[in-house]
Every structure is written in C-alpha cells, then in structure tokens.
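# A structural walkthrough
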Protein chains: 2
Amino acid sequence: MTFMNISDFLKALVPFTNDELDDILKHFKKEAVPKNQILVRQGEVSKTLYFIESGLGRSYYLNQAGKEITQWFFGSGKFMASADSFFQQCPSLYFIEVLEDTVIYSITKEKLDELFDTYPKMEKLGRLVTTEMLTKVVNKLNAIQFQTAKERYEYMLAEFPDIAYQVSLGHIASYLGMTQETLSRIRKSNSSK
Amino acid sequence: MTFMNISDFLKALVPFTNDELDDILKHFKKEAVPKNQILVRQGEVSKTLYFIESGLGRSYYLNQAGKEITQWFFGSGKFMASADSFFQQCPSLYFIEVLEDTVIYSITKEKLDELFDTYPKMEKLGRLVTTEMLTKVVNKLNAIQFQTAKERYEYMLAEFPDIAYQVSLGHIASYLGMTQETLSRIRKSNSSK
DNA sequence: CGCCGAGTTGAACTGAATCAAGAAACGTGG
DNA sequence: CCACGTTTCTTGATTCAGTTCAACTCGGCG
C-alpha cells in the first residue's frame, strides 16, 4: 500500500526546520478511518482539512436524480477537503468519504489559519499545494470538455493509474462524466486490443 | 468600461502598508495592449503574469482539427496567465490574447518569486488568488461535466454576465464545450421566450 | 458595389445515454 | 465454508442531444 508521511511531504515542499515542523505537526490529529466512513456531509460547513497518509478518499455529490457523482479522488500524500466549504466556510455541496481503510491527519480551519499567521512558510506551502491542485483541475477540465469518453478514460489511466484499478467502475464512470455502461464497454474494447 | 486599479485590488485582499505597496508595484510594468494582440503563444515558456486593469483577455488552444478552443476569459481586476506554463515553466499549451484594447500590469516570474521571498503577505495574496481561481475552475468543471448545453449557457450568463455579451459567439461556444451552431440555436430559443 | 467574417438555419448522422435484463462478485450469517 | 441476497458489472436494443456539413443571410467596410 502506498504511504506518505506528512512530515516528509511538508519538508519536500518547503524547508521547515525541525522545530517548526514539530510545532506545526502538533496541530494535526492522526486518525485511522475505516472503509466507507463519511467525513463530510452535503449541507454541513466543513472546518477540517485532511492529509492522507495511506488509503484513499473521494468527494462526490448527489445530482438531481439522486445519483452519486464522484468529483475527485484523493490518494495518499494528498490534502483532501470539500474545497468550497472548507475555503469559503459555506455549506458543502459534496460528501467526502473514505473508500478503504485510511490513515489521515486532520486540522481545523482555525488552527490552519493560526499556522498561516505564525509561519510565512506555511503560506508558501498553502500556495504551492493550491497551485498544484489548480493545474490538476484544469487538466481534468480539458479532458472532460474536449475528449471522447474513451480518451477521457485514457487520461485517467495516465494521470491516476493506481486509482483507476482500485476503485469501482461506477465511481470512475461518474468521475469521468460518463455512464457505467459506457465505461464497461470502453474497458472491454481496450482489453481486446 | 470596467476598471480595477491594481493597488486597490491588492489592498482589498491583504493589508499591505503603503510602503510595501509602493515597493511591490514598482516591479510591475503598466502597458496598453491593442485589441487582438497575442501575449503568449503555444509552445513558448511564459515568464509573465498579467493583471488586467481594464479590458478583456482570453486563453485558448488549437485542437487536433486546428480549431481555436477558448479555455478561459479574463476580465478586469483579474490575474491572467498561461497557468501551466507560468507556474511550471513548461511550454504553454495555450495562446493568450487580448480581445479588446486592454491595460495590463505585468510581472516576471523571477520578480514575483522575489516578492514572495521578501513579503510573506505576498504568499498570502498568492494563496488567496489561487484559491479563488481554483473554486471558479471547479465550478466550470461541474457545469461542463453534468449539464446540458442550454444549462451551460445559463451558467455562463450567471457567472460572467458581462463577458457573455461582449464576446463573439464562436469564442463563447468553444469555451462552453459546444459548437457555434448549437449556441446560436440556444440563444434563439431563449430570446423567443 | 461586392466581398468577407460572423451568425443562422436545415438535414443527416453519431456518440453516448437510457432502459432493460442477465451474469458475476461480494459479504454476511447460519 | 457454503448459501443466499445484494451490489457491481456486462451486454443488447433503442433513443436523443448535439455534431457535422452545407447553404444561406446579414451587416460592415474597403
């Protein structure tokens, strides 16, 4: 199983001293979350940011028809949050759940804002993490907007190879903006080649 | 014409002192750019970030068929860049052009990074601007992924009402992931109601 | 006046959705 | 460890939103 230690992750992005790192990490709470547990519900205001040490999470919402639409997958070594709710403190459009047994570090928005005020380096970290996320979302947008269902699946294989095989067909299909049936046919036609 | 002064914009987000602001602004270069001028070309590595004081820009790329696909519009009071190229210093997938006579402030990546190092408040600014952009892109992604052509056009009217009427049909259609013909029919059916 | 780009309209076509039904895999309790 | 029920995946037939291709209109401008 993939595993990414939070302190290694932070150090890789910004050169924190060990003292800084200790102080920062003590604001995070480590937790083991069992498979299928829901961390954020639609309509709640989420005050928590999660870092995934190992395991896998996803955000999704319910469309008009009540169907779950996957919005994003979060693998190990990534920050996970209901982007709208956490950043803007509005009711979340999304659910966040864990798809397998997962180890997370969590921090509240208040504490994170404190850290931003105390450590300029944390601002840098925040900026870098957000920028990375922005480029990934832009990539997905381009894939969704201008590619056929088959090309979208290939984009997924390229960008998140691990996830494409760990996760149920239906979750992936809705993430890629197609039906489960379509994805099933695409997989079939790919495997016969 | 809409107009947004860069120093008002910066002060609104982060409480810079006047001295800080003066020092920061002297790294920006003010420029009047005539309609239709291209600022970044596909394949170039773009070292420049733009702030639009007045006017309008867009990013677009050429698809396999050689057709221009609008990726984003940038109105006054917004930062504009080839996101991939500027942040990751890779060859740009996109062109950036100005759709009308526009007044911009530009800054190079090196100078911006200097400012990030000198002023922690600039890191905060960077984080806030990136976060705002991220939420907008996520919104567009949801619109594109799960809505009909007609709903997408309504999303555009709601989110960028000014732009929807300033810009040519073809630019908007490709931005919304539909053909010009489809958008023309949607507009017709809306106006007859 | 005549050209040219932008927008409109029509008709045929198509990729993917929907609807429906069956097969396979999964997990839970006896 | 098997049996049964539930969920997940596959396959087929039909339908439809939106594309494609092609022709036409309109307004501006040299």
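Residues numbered from 1 in each chain as written. Chains lettered and ligands numbered in written order. Predicted model: local features only at pLDDT ≥ 70, side-chain atom pairs only at ≥ 80, totals over all residues. Heavy atoms only, no water.

### Details of the relation of the copies chain A and chain B
Mapping chain A onto chain B is achieved by rotating through 179° and translating by 0.1 Å along the same axis, at an RMSD of 0.1 Å. Such values leave the two copies arranged in the relation of a two-fold axis. For chain A, the minimum C-alpha distance to the rotation axis belongs to A:Arg127 and amounts to 2.1 Å. A high fraction, 97%, of the interface residues of chain A reappear at the interface in chain B, so the copies pair face to face through one surface. (Least-squares fit on C-alpha atoms with pLDDT ≥ 70 in both. Contact = heavy atoms within 4.5 Å.)

### Regarding the side chain of B:Lys140
As for its position among the elements, B:Lys140 is in helix H5 (residues 120-146). Nearest to the buried, unbridged B:Lys140 among oppositely charged side chains is B:Glu159, at 10 Å. A polar side-chain atom of B:Lys140 sits 3.4 Å from a polar atom in the side chain of A:Gln145. The contact partners of B:Lys140, leaving out residues within four places of it in the chain, are A:Leu141, A:Gln145, B:Gln71, B:Trp72, B:Tyr155 and B:Tyr175. (Helix = DSSP H or I, 4+ residues; strand = E, 2+ residues; numbered from the N terminus. Buried < 20%, exposed > 50% of the residue type's maximum accessible area, 1.4 Å probe, protein only. Lys, Arg positive; Asp, Glu negative; His and termini not counted. Salt bridge = Lys/Arg side-chain N within 4 Å of Asp/Glu carboxyl O. Polar contact = N/O pair within 3.5 Å; in protein donor to acceptor, adjacent residues only side chain to side chain.)

### A few points about helix H4 (residues 109-118) of chain B
Each α-helix turn comprises 3.6 residues. Residues three or four places apart therefore point the same way. Residues of H4(B) that are buried include every one of B:Lys109, B:Leu112, B:Leu115 and B:Phe116, and no others. Along H4(B), the residues classed as buried sweep out an arc of 120° about the axis, all on the same side. Those residues of H4(B) hidden inside the fold are in contact with helix H5 (120-146) of chain A together with helix H2 (18-25), strand E3 (48-54), helix H3 (83-88), strand E8 (102-108) and H5 of chain B. (Arc of directions from axis to C-beta.)

### Thoughts on the UniProt feature "domain: Cyclic nucleotide-binding" (unreviewed entry) in chain A
The UniProt feature table records "domain: Cyclic nucleotide-binding" (unreviewed entry) at residues 12-116 of chain A. Split by type, residues 12-116 of chain A is 23% helix and 39% strand. Its first and last C-alpha atoms lie 18 Å apart. (UniProt positions renumbered as here; feature names shortened; annotations may be inferred.)

### Let's talk about the protein's contact with DNA strand D
Residues in contact with DNA strand D amount to 16 residues; listed here are only the nearest, A:Ser184, A:Arg185, A:Lys188, B:Ala149 and B:Thr182. In DNA strand D, atoms within 4 Å of the protein come 58% from sugar and phosphate. At a separation of 2.7 Å, a phosphate oxygen of DNA strand D approaches a polar backbone atom of B:Ala149. The set of elements that each furnish at least two residues to the surface near DNA strand D consists of helix H8 (169-175) and helix H9 (180-191) of chain A together with helix H9 (180-191) of chain B. Residue contributions to the surface near DNA strand D peak at five residues, all from H9(A). Taken together, the residues of the surface near DNA strand D break down into three nonpolar, eight polar and five charged. (Near = heavy atom within 4 Å. Nonpolar A, V, L, I, M, F, W, Y, C, P; charged D, E, K, R; others polar.)

### With respect to the packing of H5(A) against helix H6 (residues 149-159) of chain A
All names here are of chain A. Across the interface, H5 lies against H6 with an axial gap of 9 Å and an inter-helix angle of 155°. One element, H5, and the other, H6, form an angle in the roughly antiparallel class. For the pair H5 and H6, contact is made by Lys136, Asn139, Lys140, Ala143, Ile144 and Phe146 and by Glu151, Arg152, Tyr155 and Glu159, respectively. Taken together, the residues of the contact of H5 with H6 break down into four nonpolar, one polar and five charged. (Axes fitted to C-alpha atoms, helices over the stretch in contact; angles between N-to-C directions. Parallel < 35°, antiparallel > 145°, perpendicular 65-115°, else oblique.)

### A look at the environment of B:Thr135
When you line up the elements, B:Thr135 lands in helix H5. Distance in space between the C-alpha atoms of B:Thr135 and B:Lys121 is 21 Å, their sequence separation being 14 residues. Each residue touching B:Thr135, except ones within four places of it in the same chain, is listed here: A:Asp84 and A:Gln88.

### Some thoughts on the interface of chain A and chain B
With 32 residues of chain A at the interface, the matching set in chain B holds 32 residues. Taking both sides of the interface into account, the surface hidden between chain A and chain B amounts to around 2900 Å²; carbon and sulfur atoms contribute 66%. It is A:Arg127, A:Leu134 and A:Leu141 that lose the most area in chain A upon contact with chain B, and together they represent 21% of the buried surface on that side. Applying the counting rule to chain A against chain B returns six salt bridges. Residue A:Asp117 pairs with B:Lys124 through a salt bridge whose shortest N-O separation is 3.7 Å. Our count for the contact surface shared by chain A and chain B stands at twelve residue pairs in polar contact (both at pLDDT 80 or more). The set of elements that each furnish at least two residues to the side of chain A that touches chain B consists of strand E5 (68-74), helix H3 (83-88), helix H4 (109-118), H5 and H8 of chain A. Of the residues assigned to the side of chain A that touches chain B, the class counts are 15 nonpolar, ten polar and seven charged. (Buried area = accessible area lost by both parts, 1.4 Å probe.)

### A short note on the protein's contact with DNA strand C
Taken together, 16 residues lie around DNA strand C, and A:Ala149, A:Thr182, B:Ser184, B:Arg185 and B:Lys188 are the ones closest in. Separating a phosphate oxygen of DNA strand C from a backbone N or O atom of A:Ala149 is a distance of 2.7 Å. Note that a base nitrogen of DNA strand C is positioned 3.1 Å from one of the side-chain N or O atoms of A:Glu181. Residue contributions to the surface near DNA strand C peak at five residues, all from H9(B). Residue composition of the surface near DNA strand C, grouped by class: three nonpolar, eight polar and five charged.

### Comments concerning the pattern of salt bridges
Following the criterion strictly, the structure yields 20 salt bridges over all chains and no others. Between B:Arg127 and A:Glu123 there is a salt bridge whose closest N-O contact spans 2.7 Å. Taken together, the residues span two chains, with B:Arg127 in helix H5 and A:Glu123 in helix H5. For the residue pair B:Arg127 and A:Glu123, the accessibility class agrees, reading buried in each case. With a closest N to O distance of 2.8 Å, B:Glu97 and B:Arg58 form a salt bridge. Linking B:Glu97 in strand E7 (residues 95-98) with B:Arg58 in strand E4 (residues 57-62), this pair joins segments that are 39 residues apart in sequence. Among the residues examined, B:Glu97 registers a relative accessible area of 9% and is labelled buried. For B:Arg58, a relative accessible area of 1% gives the class buried. Through salt bridges that share partners, A:Asp117, A:Glu123, B:Lys124 and B:Arg127 make up one connected network.

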